[in-house]
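Structural overview
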Amino acid sequence: MINSILLALIVLIPFLGSLIIGFFYAFYQDRIKEGAYSFIGIGSVLTSAVLSIMVALEFFQNENLTSMSYVAFEWLHISSFVINVGFFADHLSVVMISFVTVIGTLIHIYAAGYMNKDEGYGKFFAYFNLFMGSMLLLVLGDNPIMLFIGWEGVGLCSYLLISYYHKDTLNVKAGNKAFILNRIGDFGFLIGMLLLFIYGGAGGFTFGALETNVSTVPSAMLTAIALLLFVGAMGKSAQIPLYVWLPDAMAGPTPVSALIHAATMVTAGVYMVARFAFVYNLTPDVGLFIAYIGAFSALFAALIASHQSDIKKILAYSTMSQLGYMFIAAGLGLYSGAIFHVFTHAFFKALLFMGAGVLIVAVHHKQDIFDIRMHRALLPITFVTMLIATLAISGVPPFAGFFSKDAIMAHAFASGHYGIWLISTITALLTAYYMFRLFFTVFFGAREKELHKINSSMQLPLIILAIGAALTGLLNLPHFLGGENQFSNWISTPDKALHLSISAEWVLTTLNVILSGIGIFFAWKHFGRNPQPSNAQSSINNLLLNKFYVDEVYDTIFVKNIRRLSYFFSTIIDVRVISEIIKQSSSGYFRLGVITGRMQNGNVRFYALYMVAGIIGMSIYLLEFL
Amino acid sequence: MLIEFIFIALSLITLISALGMISFHQPINSVLSFIVTLLSIAGLFALLSSSFIFIVQVIIYAGAIMSLILFVIMFLNIKEKNIPNEPKKALWISGSLIAISPFTLLLVNALKTLPQKEATIINGFGSIEAIGRELFSKWVLPFEMISILLLIALLGAIVLAKKEQNR
Amino acid sequence: MIFVTDYMILAVLLFSIGIVGVVSRRNIIVLYMSIELMLNAINLIFVALSRQFEQLDTQIAALMVIAIAAAEAAIFLAVIVLLFRNRRSLDANVFTLLGQREQPKNDK
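Let me begin by describing the structure that accompanies this report. Small disclaimer: the values here were computed from a predicted structure and weren't measured. (Residues numbered from 1 in each chain as written. Chains lettered and ligands numbered in written order. Predicted model: local features only at pLDDT ≥ 70, side-chain atom pairs only at ≥ 80, totals over all residues. Heavy atoms only, no water.)

Quick notes on the overall build of chain A
- In terms of regular secondary structure, chain A is built from 25 helices and 2 strands.
- Counting the 626 residues in chain A, one finds 55% classified as buried.
- With an accessible surface of roughly 26200 Å², chain A has 67% of that area assigned to carbon and sulfur atoms. (Helix = DSSP H or I, 4+ residues; strand = E, 2+ residues; numbered from the N terminus. Buried < 20%, exposed > 50% of the residue type's maximum accessible area, 1.4 Å probe, protein only. Areas by Shrake-Rupley, 256 points an atom, 1.4 Å probe, with all protein chains shown as cover.)

See below:
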């Protein structure tokens, strides 16, 4: 029986690590050996990983244990509103922290090699640890406010890490973009949280209390709350319309993209929806809206990814696309399916990013897939692991992605919303197509290529993750294939149970496999021998190449107008109106002083006149004429 | 009957000469008019049975102080250009007279609250003997201080009016 | 039937005339004499009060006032002599040395 204080430690240790690294970096900067920084950085996350596994095992072994909570101290106490710094773990959180910490450790190890000899090495690990701490706080918080603190924390670290190479202002702008769009989402989230508090927080504001009291909230308000909370997820998890920061965020170092923008931060939105399942189950309309947003984001991103040339941007759009799948599942009530896809996606997406990082370093920091072109024999480990990951993401059995995507699409079909099912199916085809376009372009080129040496610390995590990508699918074998849905059952989220006949499931699954095969075939046909980048020949190509001009549209509608408004304020209102007011009032006082000064003209008779005037006034008053 | 007649005459003289004092352009005329005012006020003192004050007013005020002023005026050798010309004098005086009327009215109202008493002549009320008794018993200290004050004023006047010593 | 209060009313009128004189005239000699007129009016009130209440205290106060007026006359006239010597004018508006100097315009 382990102490629930471990929950607090899991969150605290990365924060402590960040603090220590940051402290030393502030004073010694690059004079300390890099190994010291990475030791503390990896060590703290590894400790959290070990503790998370321990907690998970505790949940495994003890079947009656459904949740564990630990309250560190009381934070806010305003009459009846009490917020504790408390941690809460049930099966859902335990799954999240397990893979977040394990994958996080692997990526930390990878980053130690990748960021070798980079300026500000210590700063990187400090931010990285800070991120891990915030993510764990987000997952383990026992009330929405703790979740929000973690939410903001990961947004902050995302900004800090994207702008890591801050000497180039483009990177800083990308970081700003990420933070600002996150903020817009957070605004919606905050309003939703406030409404939830006002209408449903009478009995306490922890997740457990809210779950029991959620029926007291009027349904119109509940719809609003659900919608607003999802606005936050739109920003954090890069769905339409707040997704535009994700491709730009690839300006950060590759480990950052791997950890934050593939495996963890972007999935915080999905986790949040699953955590608030008690709200979303009562508002199926909002759920449908979420599913449609997810579907459209998935398709949209897949279309754009088919024409991108930058390897990291392709992977970024693919993340957005897969997140769309997760939201389809969450929106239609299959929370466990969403989390399962989060779980498998973390493995293969992190793997893909790390592999991409290896490739980028190998060709001396070029990121265009048509420049990276090499032969698979030059980097065998990377080749095999990325092959496994690409097969997984394309939904090829028996790799993990197949099972998770298939579960989602079957649920979509069973829910009766065939439009969503159709979109997800088309997207699956496109996914296979563009992922293998990437794969074939990169690995089927010329044999003779001069490569940079790759650190072994960068290759080992690839192998571990590949094993995960390959095997984790088996955790959730659906019934019709002979499994028992162990993952979904264990995670015990309040899913909407839908049933399909076994024959229907077989048909759908076969259809998915065929479509993946078609996608791979087309990719091979166009890019196997002589890959060419897309050019702007037809207008459709142009549209897709320019990412549907969304950034430009946002710029014209929002950015330019806000700039104009602030220019107006700063030059006209501030200078001409406000400064003038202040100047006039201060000079007005001065002028008043000059005028009253004229009363002192030294003429004694003048003073006598004043006195007499005063006397007359007083006597008039005393005579009661006034 | 006689007393009322004298009172009315004296008060008219006082008022007219006071008005004249403030109206004349030449300072000599103002001074002479003022002397008339002082003398009629002395007469009023006498009507109030204060014989000593009457004598003091005539001798000291109308006599010594006014002589001093006349002396200084003649000593200064005032030419026409030294006297300020006041273009709107009549306007100012009449306007101020009207403006000061509330104040006057206020004081008159305050005075009306005193008990009405007939102003008959009392023998021996303000005589030298009575005043002397009061002055040297109850008011001896202020009396002595006044003499010191006069000494100081004398010295001050001398110091002020001395011609500048040429170095 | 003359009441003692009639004397006081006369004195008040004289006092107001004195005030008018101080305010309206620019000649410093007339100014001085208006002040003396005011003092005399006060004296009249004092004496009338002593007659009203049949006590001699206020009469002695009137005596003091006359003595003080004498002292004041000495000083006043000495000052007039000085001022005339200096500026050769009897205009009260000329003597404004204690007044506000013209400030330079401050346009910040």
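Moving on from the coordinates now.
Quick word on the interface of chain C and chain B
- Every contact between the two is made by 72 residues of chain C and, on the other side, 83 residues of chain B.
- Between chain C and chain B lies a buried interface of about 7200 Å² when both sides are counted; carbon and sulfur atoms form 77% of it.
- Counting the surface chain C buries against chain B, the share from its top three residues, Tyr7(C), Arg25(C) and Arg51(C), is 10%.
- Summed over the shared surface of chain C and chain B, the result is 3 salt bridges.
- Note that Arg25(C) and Glu86(B) form a salt bridge whose closest N and O atoms lie 2.9 Å from each other.
- At the boundary of chain C and chain B, one finds 18 residue pairs in polar contact (both at pLDDT 80 or more).
- For the side of chain C that touches chain B, the elements supplying multiple residues, two or more each, are α1 (4–24), α2 (28–53) and α3 (57–87) of chain C.
- Tallying contributions element by element places α3(C) first for the side of chain C that touches chain B, with 23 residues. (Contact = heavy atoms within 4.5 Å. Buried area = accessible area lost by both parts, 1.4 Å probe. Salt bridge = Lys/Arg side-chain N within 4 Å of Asp/Glu carboxyl O. Polar contact = N/O pair within 3.5 Å; in protein donor to acceptor, adjacent residues only side chain to side chain.)

Topic: the packing of helix α2 (residues 34–61) of chain A against helix α3 (residues 91–114) of chain A
Residue and element names in this part refer to chain A.
- Axis separation between α2 and α3 bottoms out at 8 Å; the angle between their running directions is 155°. Considered as vectors, α2 and α3 are oriented roughly antiparallel to each other. As for how α2 packs across α3, the hand of that crossing is left-handed. Packed against α2, whose contacting residues are Ser38, Gly41, Ile42, Val45, Leu46, Ser48, Ala49, Ser52, Ile53, Val55, Ala56 and Phe59, the element α3 presents His91, Val94, Ile97, Ser98, Thr101, Val102, Gly104, Thr105, His108, Ile109 and Ala112 at the interface.
- Residue composition of the contact of α2 with α3, grouped by class: 13 nonpolar, 10 polar and no charged. (Axes fitted to C-alpha atoms, helices over the stretch in contact; angles between N-to-C directions. Parallel < 35°, antiparallel > 145°, perpendicular 65-115°, else oblique. Left-handed = near helix turned anticlockwise from the far one by under 90°. Nonpolar A, V, L, I, M, F, W, Y, C, P; charged D, E, K, R; others polar.)

Digging into the interface of chain B and chain A
- In this assembly, 8 residues from chain B lie in contact with 8 residues from chain A.
- Together chain B and chain A conceal approximately 680 Å² of surface at their shared face, both sides included; 88% is due to carbon and sulfur atoms.
- When the buried area of chain B at its contact with chain A is split by residue, Pro102(B), Phe103(B) and Leu106(B) rank highest and sum to 56% of it.
- Our enumeration of links across chain B and chain A arrives at 0 salt bridges.
- The tally of links between chain B and chain A comes to 0 residue pairs in polar contact (both at pLDDT 80 or more).
- When its residues are assigned to classes, the side of chain B that touches chain A shows 7 nonpolar, 1 polar and no charged.

Remarks on helix α6 (residues 140–161) of chain B
- The end-to-end C-alpha distance of α6(B), which contains 22 residues, comes to 32 Å, matching closely the 32 Å that a straight helix rising 1.5 Å per residue would cover.
- What α6(B) keeps buried is the set Ile146(B), Ala153(B) and Ala157(B). The buried residues of α6(B) occupy one face: seen down the axis, they fall within an arc of 30°. Of the exposed residues in α6(B), those oriented more than 90 degrees away from the buried face are Leu141(B), Met145(B), Ile152(B), Leu155(B), Ile158(B) and Val159(B).
- The inward-facing, buried residues of α6(B) abut α3 of chain C. (Expected span 1.5 Å × (residues − 1). Arc of directions from axis to C-beta.)

Notes on the pairing of strand β2 (residues 81–90) of chain A
All names here are of chain A.
- Taken across its 10 residues, β2 has 8 buried, putting it largely inside the fold.
- Across 10 bridges, strand β1 (residues 67–78) lies against β2 in antiparallel orientation. Pairing of methionine 68 across the sheet is with alanine 89, part of β2.
- Counting the residues in the hairpin turn of β1 and β2 gives 2 residues, including serine 79, whose phi is positive at 45°. (Pairing = 2+ DSSP bridges.)

Considerations on the packing of helix α8 (residues 219–236) of chain A against helix α13 (residues 284–305) of chain A
Residues and elements named next belong to chain A.
- For the pair α8 and α13, the least separation of the axes is 10 Å and the interaxial angle reads 25°. When the interaxial angle is binned, α8 and α13 end up roughly parallel. Crossing angle aside, the handedness with which α8 passes α13 is right-handed. Residues Thr223, Ala226, Leu227 and Phe230 of α8 touch α13, and the partners they reach there are Val286, Phe289, Ile290 and Ile293.
- Residue composition of the contact of α8 with α13, by class: 7 nonpolar, 1 polar and no charged.

What about unusual backbone geometry?
- With omega at 0°, the peptide bond leading from Ile240(A) into Pro241(A) counts as cis.
- Tracing the backbone through its elements, the reader meets Pro241(A) in the loop between α8 and α9 (245–248).
- Positive phi values are uncommon outside glycine, yet Glu54(C) reaches one of about 55°.
- Mapped onto the elements of the fold, Glu54(C) is located in the loop between α2 and α3.
- Not every positive phi belongs to a glycine, and Arg88(C) is a case in point at roughly 55°.
- Residue position: Arg88(C) is located in the segment after α3.
- When its relative accessible area of 49% is taken as the criterion, Arg88(C) is described as partly exposed.

Description of helix α24 (residues 550–597) of chain A
All names here are of chain A.
- The terminal C-alpha atoms of α24 lie 66 Å apart, and with 48 residues this matches the ideal 70 Å at 1.5 Å per residue to within 8%.
- The principal kink in α24, of about 45°, is found at aspartate 574.
- By the burial criterion, the buried members of α24 are Val550, Tyr554, Ser587 and Gly597. (Bend = angle between axes of the 7 residues up to and from the residue.)

Concerning the layout of surface pockets
Residues and elements named next belong to chain A.
- Each pocket or cavity is described by its volume, and for the largest pocket that value is around 1300 Å³.
- Taken together, 46 residues form the lining of the largest pocket, with Leu170, Lys173, Ala174, Lys177 and Asp248 sitting closest to its centre.
- Of all elements in the fold, only α3, α6 (169–200), α9, α14 (311–331), α15 (335–362) and α24 reach the threshold of two or more residues within the lining of the largest pocket.
- When the residues that make up the lining of the largest pocket are grouped by side-chain class, the tally is 22 nonpolar, 11 polar and 13 charged. (1 Å grid on protein atoms, 1.4 Å probe; cavity = no way out; pocket = protein on both sides within 12 Å on 5 of 7 lines; lining within 4 Å. Points joined across faces, edges and corners; volume = space filled by probe spheres on them.)

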